[in-house]
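Here is what each chain is made of, one letter per residue.
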Amino acid sequence: MIAEEYPYVVALLDGTRTYVCSGTIINERTVLTSGTCLTKELRYVAVAVAAFDRAIGNNTLFSVAFKRIHGDYALELSPDSPEQITRMQNNIGLVFTVKAQFELFINSPDIGNYVTTDLVQSELTAVGYGKLNKRVVALQKQIYHQEPCAKTNCHYCVCGIEDVTNSKTYMEPFGEGAPILLGSLVVGIATFPTGSLTTTNGKTVYNMFTVTGPYLNWINNSHSESPMRFVSQEHQINFQRRITEECLYLCVFVIKVIY
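Residues numbered from 1 in each chain as written. Predicted model: local features only at pLDDT ≥ 70, side-chain atom pairs only at ≥ 80, totals over all residues. Heavy atoms only, no water.

Remarks on the pattern of salt bridges
Under the convention used in this document: By definition, a salt bridge exists where a carboxyl oxygen of Asp or Glu is found within 4 Å of a side-chain nitrogen of Lys or Arg. Runs of E in the DSSP output that reach at least two residues are strands. Runs of H or I that reach at least four are helices, and both are numbered from the N terminus. For each residue, the accessible area found with a 1.4 Å probe, counting protein chains only, is set against the maximum for its type, and the residue is called buried under 20%, exposed over 50%, and partly exposed in between.
Tallied over the full model, the rule gives four salt bridges. Note that Glu-176 is salt-bridged to Lys-40, the shortest N-O span being 3.0 Å. Within this pair, whereas Glu-176 is found in the loop between strand E13 (157-162) and strand E14 (179-182), its partner Lys-40 is found in the loop between helix H2 (35-38) and strand E4 (44-46), the two being separated by 136 residues in sequence. In this structure, Asp-53 engages Arg-135 in a salt bridge whose closest nitrogen and oxygen atoms are separated by 3.2 Å. Of this pair, Asp-53 sits in the loop between strand E5 (51-52) and strand E6 (61-69) while Arg-135 sits in the loop between strand E10 (123-131) and strand E11 (137-147); the two residues are 82 residues apart in sequence, bridging distant segments of the chain. A relative accessible area of 61% means that Arg-135 is categorised as exposed.

Topic: the sheet that holds strand E2 (residues 19-25)
Definition in use: A pair of strands is treated as paired once DSSP finds two or more bridges between them. The axes used here are C-alpha line fits, helices contributing only the stretch in contact, and every angle between their N-to-C directions lies in the interval 0 to 180 degrees.
With antiparallel pairing, six strands are arranged side by side around a closed barrel as E1-E2-E3-E9-E6-E4. The average angle at which neighbouring strand axes cross in this sheet is 45°, direction not considered. Taken together, the two bridges between E2 and strand E3 (residues 30-33) define a ladder with antiparallel strand orientation. By the bridge assignment, Thr-24 is partnered in E3 with Leu-32.

Section: the state of the cysteines
Rules: Disulfides are defined in this document as cysteine sulfur pairs within 2.5 Å.
According to the stated counting rule, one finds three disulfides in the structure shown. The disulfide partner of Cys-21 is Cys-37, and the gap between their sulfur atoms is 2.1 Å. Its torsion about the S-S bond being -90°, the disulfide of Cys-21 and Cys-37 is classed as left-handed. Taken together, the residues Cys-21 in strand E2 and Cys-37 in helix H2 connect sequence positions 16 residues apart. Two residues share a disulfide in this structure: Cys-154 and Cys-157, whose sulfurs sit 1.0 Å from each other. Residue classification places Cys-157 among the buried residues on the basis of a relative accessible area of 8%. If one numbers only the bonded cysteines of the chain, in the order they occur, the disulfide pattern is 1-2, 3-6, 4-5.

A look at the packing of aromatic side chains
The following threshold applies: Two rings from Phe, Tyr or Trp (for Trp, the six-membered ring) form a pair when their centres sit within 6.5 Å of each other. Planes less than 30 degrees apart are called stacked, planes more than 60 degrees apart edge-to-face, and all others tilted. Cation placement over rings: the criterion is NZ of Lys or CZ of Arg within 6 Å of the ring centroid and within 35° of the ring normal.
Evaluated as defined, the whole model comprises six aromatic pairs. Ring geometry for Tyr-156 against Tyr-215: centres 5.6 Å apart, planes inclined by 90°, an arrangement best described as edge-to-face. Taken together, the positions of Tyr-156 in the loop between strand E12 (153-155) and E13 and Tyr-215 in the loop between strand E17 (205-211) and helix H3 (216-229) put the pair 59 residues apart, joining distant regions of the chain. With a relative accessible area of 37%, Tyr-156 lands in the partly exposed category. We classify Tyr-215 as buried; its relative accessible area is 3%. One cation-aromatic arrangement involves Arg-17 over Tyr-44; the distance from NZ or CZ to the ring centre is 5.4 Å.

Thoughts on the sheet that holds E12
Overall, mixed pairing links the three strands, which are arranged E7-E8-E12 in an open sheet. Unpaired on one side and paired on the other, strand E7 (74-77) and E12 mark the two borders of the sheet. Direction aside, neighbouring strands of the sheet carry axes that sit 10° apart on average.

With respect to the pairing of strand E9 (residues 93-97)
For E9, the buried fraction is high: five of the five residues fall into the buried class. Of the strand pairs in this sheet, E3 and E9 are connected by four bridges, and their pairing is antiparallel. Directly across from Thr-30, in E9, lies its bridge partner Phe-96. Sheet topology places E6 next to E9; five bridges connect them, and they run antiparallel. Among the inter-strand pairings, Phe-66 is bridged to a residue of E9, identified as Phe-96.

Structure below.
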């Protein structure tokens, strides 16, 4: 099963537990995904599930504490053709959970120290979540053959043409923010779901991937800074709720004393 082969691939959910994006566990509390995914609402990380719906159990969910998008992130689409990218830079981000418990259940994969030129004509695999039908989301994969990205201002990225030697492997688009693998190594991040981009003649389906090798220092620095520089949403919300309740109690007490 795909879930057993790629246990470190996770689903990122919003507040209603609706699937939003995919990601990769890279340490005990951190998920690697695209910068584009971080522009959306992310509240939960679903771990170790092959398929799920909104009734997913709490024992597989981790609350999101905070997110970090690359400071120079940029993604621009053509105004005439929204499926065509005109500029993409530093499309990478990290999601941190409240509890640092991922590696109690799952070993994180190795991130390959590859640059764009190292991946020329490679066979790459995208593994991520997507809909099987209106209710069920499942883990899926798609093979790509690396090709140069044409007519795009693209920073640390490669393109991949969907493998057509076999039948189509998915029913609905899947895998935005998903890991791109070269063998067992994570070497990239999917910019869009499968099937989203086509060449101008409409005959070739492709995708764009951010190459992760050039960002290893940024990822490692984000790990070391995160405990000191951020307060989790959960703790912040509890603190704010407690302060609000105490203020209300004090206001009622003062009013009673005055009157």
